[in-house]
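This is what each chain is made of:
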Amino acid sequence: MSSYVSRRNLIKSVGLAGVARTLPLGFGAFALAPEMPRLPWPAPQQEGAEGAGLTYAFLNSEEQAFIEAAVARLIPADELGPGALEAGVPQFIDRQLIGVFGSGGDWYLQGPWVEGEPEQGYQMRLVPQEIYRAGIRDINLYCQETYGGPFAELAEEQQIEVLQGLQSGEIALQDVPAALFFSTLYQNTMEGFFADPIYGGNRNKVGWRLVGYPGAASVDYGALVEEYYNRPYEVEPVSIADIQTGEASHSHE
């Protein structure tokens, strides 16, 4: 994997504090946002939704192919274990986009649409559904013009080159700031890899196993922090579904 994102760097950047959030949707690392027009977005196609055992509710077939390829580059499968694709991150992102998060249902979206300061947070008119739809369309247009095919059909090195261009802002997209699209995708990929499996990602708790996080039961592990400080605490992770079905307890005892 490239130097800008690797699984080891990912682990360092997330840390246990970041993993401790079992609920998804931080959506926090947005840059400044210029005024952007709201656009009409066509209804998605649903053809080919069975790929890799996944079903999709929001992403159309072109978007599915992009997301599956992109998350596989951001967190690839390697000697440390399964990657984001195998963990079901595409399905996690799709589920979030079809819900309140995707439509910005609890966001203030009345303007004024002026450029703000970094500490003012997200300032754009686009909701996540629109960011993904417009961003993927524009990236595939860029890839077609630059490499002769959509992102999902590029060689791994070319896909990494495109992601790096988006991250740095060197690639200009028509309707969405490239760096904003990348930060959104990267943030949601990490959320899907480490959130509770009940949200569609983190299949078989691969994200939690990777970093040694005990899962939903962590609320009861406070008394063990001092005892295991700087030492691994090996335990089978417990999900929300495990507790709901009675297969596990939230207690460490």
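Report on the accompanying structure. (Residues numbered from 1 in each chain as written. Predicted model: local features only at pLDDT ≥ 70, side-chain atom pairs only at ≥ 80, totals over all residues. Heavy atoms only, no water.)

What to know about the overall build of the protein chain
Consideration 1: A tally of regular secondary structure across the protein chain gives nine helices and zero strands.
Consideration 2: Its helices and strands in sequence order give the protein chain the pattern α-α-α-α-α-α-α-α-α, from N to C terminus.
Consideration 3: Taking all 253 residues of the protein chain together, the buried fraction comes to 47%.
Consideration 4: Contacts in the protein chain between residues far apart in sequence, at least 24 positions, make up 68% of those at least 6 positions apart.
Consideration 5: Carbon and sulfur atoms make up 51% of the accessible area of the protein chain, which amounts to about 12500 Å² in all. (Helix = DSSP H or I, 4+ residues; strand = E, 2+ residues; numbered from the N terminus. Buried < 20%, exposed > 50% of the residue type's maximum accessible area, 1.4 Å probe, protein only. Contact = heavy atoms within 4.5 Å. Areas by Shrake-Rupley, 256 points an atom, 1.4 Å probe, with all protein chains shown as cover.)

Points about the environment of Met-190
Consideration 1: Considering the arrangement of structural elements, one finds Met-190 in helix α7 (residues 178-194).
Consideration 2: Using a relative accessible area of 16% as the deciding quantity, one classes Met-190 as buried.
Consideration 3: In this structure the C-alpha to C-alpha distance between Met-190 and Gly-201, which are eleven residues apart in sequence, comes to 9.8 Å.

Structural notes on the packing of aromatic side chains
Consideration 1: According to the stated counting rule, one finds nine aromatic pairs in the structure shown.
Consideration 2: For the pair Phe-66 and Phe-151, a centre-to-centre distance of 4.8 Å together with 45° between the ring planes defines the contact as tilted. Separated by 85 residues along the polypeptide, Phe-66 in helix α2 (residues 61-74) and Phe-151 in the loop between α5 (128-147) and α6 (156-168) bring together distant segments of the chain.
Consideration 3: Assessed through its relative accessible area of 0%, Phe-66 is described here as buried.
Consideration 4: According to the relative accessible area criterion, Phe-151 is buried, its value standing at 0%. (Phe/Tyr/Trp six-rings, centres within 6.5 Å; stacked < 30°, edge-to-face > 60°.)

As for the packing of α5 against α7
Consideration 1: Across the interface, α5 lies against α7 with an axial gap of 10 Å and an inter-helix angle of 115°. Crossing of α5 over α7 shows left-handed handedness. For the pair α5 and α7, the contacting residues are Ile-131, Tyr-132, Gly-135, Ile-136 and Ile-139 in the first and Leu-180, Phe-181, Thr-184, Leu-185 and Asn-188 in the second.
Consideration 2: Residues belonging to the contact of α5 with α7 are distributed by class as follows: seven nonpolar, three polar and no charged. (Axes fitted to C-alpha atoms, helices over the stretch in contact; angles between N-to-C directions. Left-handed = near helix turned anticlockwise from the far one by under 90°. Nonpolar A, V, L, I, M, F, W, Y, C, P; charged D, E, K, R; others polar.)

Examining the packing of α2 against α6
Consideration 1: Where α2 contacts α6, the two axes come as close as 10 Å, and the packing angle between them is 85°. With respect to each other, α2 and α6 are oriented roughly perpendicular. Contacts between α2 and α6 involve Ala-69, Ala-70, Arg-73 and Leu-74 from the first element and Glu-156, Gln-159, Ile-160 and Leu-163 from the second.
Consideration 2: Classifying every residue of the contact of α2 with α6 by side-chain character gives five nonpolar, one polar and two charged. (Parallel < 35°, antiparallel > 145°, perpendicular 65-115°, else oblique.)

Here we look at the side chain of Asn-202
Consideration 1: Counting through the fold element by element, Asn-202 comes out in the loop between α7 and α8 (206-211).
Consideration 2: Residue class for Asn-202 comes out buried when judged on its relative accessible area of 0%.

What to know about the environment of Ala-65
Consideration 1: Position of Ala-65 among the secondary structure elements: in helix α2.
Consideration 2: Ala-65 sits in the partly exposed class, given a relative accessible area of 30%.
Consideration 3: Separated by 86 residues in sequence, Ala-65 and Phe-151 have C-alpha atoms that sit 8.4 Å apart.

So, the pattern of salt bridges
When the charged atoms of two side chains with opposite charge come close together, those side chains can pair.
Consideration 1: What the rule picks out here adds up to six salt bridges.
Consideration 2: Between Arg-133 and Glu-63 there is a salt bridge, with the nearest N and O atoms lying 2.6 Å from each other. One end of the pair, Arg-133, is in helix α5; the other, Glu-63, is in helix α2, with 70 residues separating them in the sequence.
Consideration 3: Note that Arg-137 is salt-bridged to Asp-175, the shortest N-O span being 2.4 Å. Taken as a pair, Arg-137 in helix α5 and Asp-175 in the loop between α6 and α7 lie far apart in primary sequence, 38 residues in all. (Salt bridge = Lys/Arg side-chain N within 4 Å of Asp/Glu carboxyl O.)

So, to be careful, I would describe these as geometric facts and stop short of saying anything about function.
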